[in-house]
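Single-letter residue listing:
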Protein chains: 2
Amino acid sequence: MTPALLTDKYELTMLSAALRDGTAERRAGFELFARRLPAGRRYGVVAGTGRFLDALAQFRFDDAALESVAAFCDDTTLEYLRDFSFGGDVDGYAEGELYFPDSPVLSVHGTFAECVLLETLSLSIFNHDSAIASAAARMVSAAAGRRLIEMGSRRTHERAAVAAARAAYIAGFDGSSNLEADRTYGVPALGTSAHAFTMLYTGPDGPDEPAAFRAQVAALGVGTTLLVDTYDVTAGVANAVAAAGPELGAVRIDSGDLGVLAGQVRRQLDELGATDTRIVVSGDLDEFAIAALRAEPVDSYGVGTSLVTGSGAPTANMVYKLVEVDGRPVSKRSSHKQSHGGAKQAVRLAKPSGTITEEVVFPAGRPPADADGGRALSVPLVRAGRRVDDGGLGAARALVSTGLTSLPWEGLKLSRGEPAIPTRLVAP
Amino acid sequence: MTPALLTDKYELTMLSAALRDGTAERRAGFELFARRLPAGRRYGVVAGTGRFLDALAQFRFDDAALESVAAFCDDTTLEYLRDFSFGGDVDGYAEGELYFPDSPVLSVHGTFAECVLLETLSLSIFNHDSAIASAAARMVSAAAGRRLIEMGSRRTHERAAVAAARAAYIAGFDGSSNLEADRTYGVPALGTSAHAFTMLYTGPDGPDEPAAFRAQVAALGVGTTLLVDTYDVTAGVANAVAAAGPELGAVRIDSGDLGVLAGQVRRQLDELGATDTRIVVSGDLDEFAIAALRAEPVDSYGVGTSLVTGSGAPTANMVYKLVEVDGRPVSKRSSHKQSHGGAKQAVRLAKPSGTITEEVVFPAGRPPADADGGRALSVPLVRAGRRVDDGGLGAARALVSTGLTSLPWEGLKLSRGEPAIPTRLVAP
């Protein structure tokens with residue numbers, strides 16, 4: 001199924017109008033960026049680049065797509081769409097790079113026609129994936145090295161769930177419950193059982209948790225994770241160790257006061273000799289709850305709703321703006337939405353220690369002298385329609401990790417604040 | 001692409017464990033419901049039913065899917081999955097029906113194996129679509145009969161955008177910018193142009209808005225909508241009427257103080273003789289902003305971000321719980337998450353005027369005597385694996401409309417409050 005119709009109608013009506021008078025062929029530059037971070041956030045994480053480049057390669061209007069737009073497109077437009085494939089250039093921040101207000105996350109150059117068609121799809125992908133990765137990175141820093149499992153598929157659109165798992169993995173999560181994310185992107189799939197499984201073992205005499213645990217261990221081995229809070233956590237832990245022995249891989253607690261329970265369960269496990277059995281907690285966790293559990297004997301966190309909804313910021317609010325026509329900077333002047341014309345590039349400045357200090361955004365090709373030695377942030381992604389190889393998810397994960405390390409310490413605070421570093425916009 | 005892997009791994013590991021000892025074949029009943037509405041919401045709107053039934057019909061494990069789960073599924077499980085198609089029964093609230101806390105929105109009956117496999121996918125669809133429809137319905141009631149256009153595709157995952165357009169349409173929106181929602185679901189596609197189109201007409205002498213408007217009118221006719229706030233709204237309106245004449249279909253304002261501008265633009269249009277030219281406003285609208293513009297001469301609202309993010313409640317937080325095994329009610333007893341065992345049905349009671357007063361949820365087949373005359377809320381959706389015909393999106397739209405009319409007046413208030421009617425849970 002082509003992604004070409006994952007597009008707003010007005011991209012095609014604009015195309016149609018521009019094709020009539022030849023302006024469609026003007027050379028255009030569009031940029032994708034966020035005017036500001038979500039309220040109180042100190043940094044953002046670019047995600048979606050790989051998915052955008054995948055979609056770009058498939059962005060073709062097949063017969064079914066053409067038929068469905070024929071009602072409002074004239075023949076010239078339909079002919080253009082039939083032959084369409086993007087032939088321009090794309091530069092952008094590498095996937096996993098941090099971003100700040102006005103960072104030129106993506107720059108698209110080509111004819112107006114080919115660039116305008118990509119507006120909706122590029123925004124959908126970057127706004128969703130970056131929102132999730134940005135929230136996930138806060139959870140990763142809050143978890144301070146403990147394992148994180150994404151398990152929010154059920155709380156978001158079924159296809160968004162796959163992208164969310166991918167974005168969380170980029171940000172540093174260890175895996176996801178989502179099977180399609182494993183198949184499509186190689187995100188490690190994790191998970192063992194739900195309360196329903198334990199409750200399935202209910203007979204005429206009532207619930208039989210030991211039978212459920214024995215069945216799970218028989219199928220999945222003693223290294224499995226047993227969910228111990230279906231009926232009573234203390235009895236659950238005893239039943240779990242009885243079923244699997246002290247080699248039991250892990251127990252999961254999904255309800256109650258997780259901090260109190262984690263300590264209690266740890267003591268019980270140790271007393272039962274299950275000293276290597278890990279504790280997984282889940283249930284309405286967000287970055288604040290994760291941080292609050294730092295002092296408790298928790299080994300892994302399972303995060304659902306708050307991850308897939310961006311922990312209060314479900315969209316990154318990036319925009320895709322025309323900045324250049326035939327080499328001339330353009331900008332609109334409607335109130336509160338002034339944009340800066342002209343193609344831009346950016347470098348990030350850092351202290352010798354590696355701590356970043358400033359993002360400098362300047363007219364493309366004209367870096368200010370005092371930005372010497374800054375790290376250039378844009379990389380080529382597409383040249384004349386052909387994708388430039390990148391390092392995949394592994395490289396993106398490494399980039400997030402490096403990025404978080406480079407933040408000034410205030411940048412990692414979970415409380416609301418200003419962007420961790422200022423953005424300096426150098427006028428054309 | 002099969003939806004079968006839009007599933008959490010643990011559904012398959014549970015299946016695998018249950019297949020080993022025969023418990024997979026036990027008769028199970030699962031229910032999908034919300035323990036509570038999002039904070040402060042007074043009602044919810046069920047959406048996703050049609051999409052869930054579409055997905056259920058395609059829920060098959062093809063070779064690629066089987067290969068990707070082979071690493072952790074034994075042969076018995078793989079064989080089961082290869083032959084899988086759901087053969088059970090599904091009952092539920094019709095799409096477009098209102099729901100309240102504990103409303104049994106969906107009841108799924110079959111073997112444990114076939115029901116457990118549907119958990120993640122059903123939740124993803126209902127949690128997403130119902131969140132959007134519930135927010136959209138508030139906007140529809142705030143718009144008080146004025147037209148609403150969904151234009152949020154760019155702010156959410158590209159496939160979620162299609163489902164969001166569909167959900168908004170069910171709730172009463174007039175159309176969407178999304179082309180795939182038109183193609184797949186027949187949601188009317190709307191939209192004409194963005195600021196980029198106006199800015200495309202920039203030459204050596206600077207911007208040329210009149211040229212842009214003439215080009216758009218030439219391509220799309222005088223009935224089109226011209227976006228007038230790229231540079232200066234007053235000049236924009238003058239240029240628009242000059243380009244199209246007083247027959248101009250509409251102007252759109254996307255920035256600034258929309259209330260003030262709408263009045264000013266209305267007066268200007270009338271003075272120019274464009275008395276039938278409509279005014280469309282857009283730009284960060286939500287149900288509160290829509291309501292605040294009620295006194296202004298606005299004809300249509302374009303809604304983006306707040307719609308596709310559920311206006312503060314991006315997920316409906318529905319759960320899918322095992323309630324019955326071999327005819328015996330089951331429930332878990334972990335703290336704060338107690339669920340009520342046994343299959344349930346519901347009726348909604350109303351005054352003779354039609355205003356609803358109470359939702360009564362009772363053990364299936366045993367309605368309390370005082371619920372006589374209530375409207376039965378569950379309808380058959382699937383029988384022995386076969387979909388029961390429903391009325392499609394038209395019926396769902398009608399049901400939302402009727403539902404909103406049936407609410408007590410407090411139920412339509414936009415402020416935070418309690419559910420519009422109480423839910424009475426009749427004990428088994």
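Residues numbered from 1 in each chain as written. Chains lettered and ligands numbered in written order. Predicted model: local features only at pLDDT ≥ 70, side-chain atom pairs only at ≥ 80, totals over all residues. Heavy atoms only, no water.

**Digging into the overall build of chain A**
Along chain A, the regular secondary structure elements total 15 helices and 21 strands. Residue pairs in contact within chain A that sit at least 24 positions apart in sequence constitute 74% of those at least 6 positions apart. Surface accessibility of chain A: about 15,000 Å² in total, with carbon and sulfur atoms responsible for 49%. Across chain A, the centroid of the 42 positively charged side chains sits 5 Å from that of the 52 negatively charged ones. (Helix = DSSP H or I, 4+ residues; strand = E, 2+ residues; numbered from the N terminus. Contact = heavy atoms within 4.5 Å. Areas by Shrake-Rupley, 256 points an atom, 1.4 Å probe, with all protein chains shown as cover. Lys, Arg positive; Asp, Glu negative; His and termini not counted. Charge placed at Lys NZ, Arg CZ, Asp CG, Glu CD.)

**A closer look at the relation of the copies chain A and chain B**
Superposition record for chain A on chain B: RMSD 0.0 Å, screw rotation 180°, translation along axis 0.0 Å. Accordingly, the operation relating the two chain copies is best matched by a two-fold axis. Looking at the interface residues of chain A, 100% of them are also at the interface in chain B, so both copies use one shared face. (Least-squares fit on C-alpha atoms with pLDDT ≥ 70 in both.)

**Side note on the sheet that holds strand S14 (residues 318-325) of chain B**
Residues and elements named next belong to chain B. If you trace the 7 strands from one edge of the open sheet to the other, you get S15-S14-S1-S5-S3-S19-S20, paired in antiparallel fashion. With partners counted over all chains shown, the strands left at the sheet margins are strand S15 (328-329) and strand S20 (386-387), one partner each. In terms of strand pairing, strand S3 (residues 89-93) meets strand S19 (residues 378-383) through 4 bridges, oriented antiparallel. From the neighbouring strand, Tyr93 faces S19, where its bridge partner is Ser378. In the packing of helix H2 (residues 49-57) onto the sheet, the strands contacted are S3, strand S5 (106-111), S19 and S20, and the crossing angle to S19 comes to about 15°. (Pairing = 2+ DSSP bridges. Axes fitted to C-alpha atoms, helices over the stretch in contact; angles between N-to-C directions.)

**Let's talk about the state of the cysteines**
Applying the stated criterion across every chain, the model contains 0 disulfides over all chains. Left unpaired, A:Cys115 is separated from the closest cysteine sulfur, that of A:Cys73, by 18 Å. (Disulfide = S-S within 2.5 Å.)

**Here we look at the packing of aromatic side chains**
Residues and elements named next belong to chain A. Applying the stated criterion across every chain, the model contains 14 aromatic pairs over all chains. For the ring pair Phe30 and Tyr320, a centre distance of 4.8 Å and an interplane angle of 20° mean the geometry is stacked. Residue Phe30 is found in strand S1 (residues 27-34), and its partner Tyr320 is found in strand S14 (residues 318-325); the two are separated by 290 residues along the sequence. On the basis of relative accessibility, which here comes to 1%, the residue Phe30 falls in the buried class. Given the relative accessible area of 2%, Tyr320 is considered buried. A ring pair is formed by Phe59 and Phe84, whose centres lie 5.8 Å apart and whose planes are at 75°; its orientation type is edge-to-face. Separated by 25 residues along the polypeptide, Phe59 in the loop between helix H2 (49-57) and helix H3 (63-69) and Phe84 in the loop between helix H4 (75-82) and strand S3 (89-93) bring together distant segments of the chain. An identical accessibility class is assigned to Phe59 and Phe84; each is buried. (Phe/Tyr/Trp six-rings, centres within 6.5 Å; stacked < 30°, edge-to-face > 60°. Buried < 20%, exposed > 50% of the residue type's maximum accessible area, 1.4 Å probe, protein only.)

**Thoughts on the interface of chain A and chain B**
On the side of chain B, 97 residues touch chain A, which itself brings 97 residues to the contact. In this assembly, chain A and chain B are joined by 8 salt bridges. Close ionic contact of B:Arg154 with A:Glu11 constitutes a salt bridge, the shortest N to O distance being 3.6 Å. In this assembly, chain A and chain B are joined by 42 residue pairs in polar contact (both at pLDDT 80 or more). No other element matches helix H1 (residues 9-21) of chain A, which puts 11 residues into the side of chain A that touches chain B. Of the residues in the side of chain A that touches chain B, the class split is 42 nonpolar, 33 polar and 22 charged. (Salt bridge = Lys/Arg side-chain N within 4 Å of Asp/Glu carboxyl O. Polar contact = N/O pair within 3.5 Å; in protein donor to acceptor, adjacent residues only side chain to side chain. Nonpolar A, V, L, I, M, F, W, Y, C, P; charged D, E, K, R; others polar.)

**Examining the sheet that holds strand S21 (residues 423-425) of chain A**
All names here are of chain A. Sheet architecture is open: 4 strands sit in the order S18-S16-S17-S21, paired in mixed fashion. Every interior strand has two partners, whereas the edge strands, strand S18 (375-376) and S21, have only one. Direction of pairing for strand S17 (residues 356-363) relative to S21: parallel, over a ladder of 3 bridges. Following the sheet pairing, Val361 is matched in S21 by Leu425.

**A closer look at the UniProt feature "domain: Nicotinate phosphoribosyltransferase N-terminal" (unreviewed entry) in chain A**
UniProt's feature table lists "domain: Nicotinate phosphoribosyltransferase N-terminal" (unreviewed entry) at residues 5-127 of chain A, given in the numbering used throughout. For the annotated span residues 5-127 of chain A, helix accounts for 41% and strand for 19% of the residues, and the straight-line distance between the end C-alpha atoms is 18 Å. (UniProt positions renumbered as here; feature names shortened; annotations may be inferred.)

**Points about unusual backbone geometry**
A positive phi angle, close to 70°, is found at A:Asp102, a residue other than glycine. Within the secondary structure layout, A:Asp102 lies in the loop between strand S4 (98-99) and strand S5 (106-111).

**Some words on the packing of helix H11 (residues 233-244) of chain A against helix H12 (residues 258-271) of chain A**
Residues and elements named next belong to chain A. Orientation of H11 relative to H12, taken along the N-to-C sense of each, is 35°, at an axis distance of 10 Å. The interaxial crossing formed by H11 with H12 has right-handed handedness. Facing H11, whose interface residues are Val233, Thr234, Val237, Ala238 and Val241, H12 presents Leu261, Gln264, Val265, Gln268 and Leu269. Across the contact of H11 with H12, the residue classes tally to 7 nonpolar, 3 polar and no charged. (Left-handed = near helix turned anticlockwise from the far one by under 90°.)

**Observations concerning H1(A)**
Residue and element names in this part refer to chain A. The element H1 is extensively covered by neighbouring structure, given that 11 of its 13 residues are classed as buried. Of all the residues in H1, the buried ones are Lys9, Tyr10, Glu11, Leu12, Thr13, Met14, Leu15, Ser16, Ala17, Ala18 and Leu19. Gly22 occupies a position one or two residues after H1 and carries a positive phi of about 85°.

**Things to note about the domain arrangement of chain A**
Domain annotation of chain A identifies domain 1 (3-132 + 313-425) and domain 2 (192-298). A separation of 45 Å is found between the C-alpha centroids of domain 1 of chain A and domain 2 of chain A. (Domains from an automatic or database assignment.)

**Overview of the environment of B:Ala242**
Residues and elements named next belong to chain B. Along the chain, Ala242 turns up in helix H11 (residues 233-244). Judged by relative accessible area, Ala242 falls into the exposed class, the value being 64%. As a C-alpha pair, Ala242 and Arg214 span 28 residues in sequence and 8.7 Å in three-dimensional space.

**Some details on the pairing of strand S16 (residues 344-350) of chain B**
Residues and elements named next belong to chain B. Most of S16 is tucked away: 5 of the 7 residues are buried. Here S16 hands over to strand S17 (residues 356-363) after 5 residues, with Gly354 in that stretch at a positive phi of 100°. Sheet topology note: the S16/strand S18 (residues 375-376) ladder contains 2 bridges and is antiparallel. Bridge pairing in S18 links Arg348 to Arg375.

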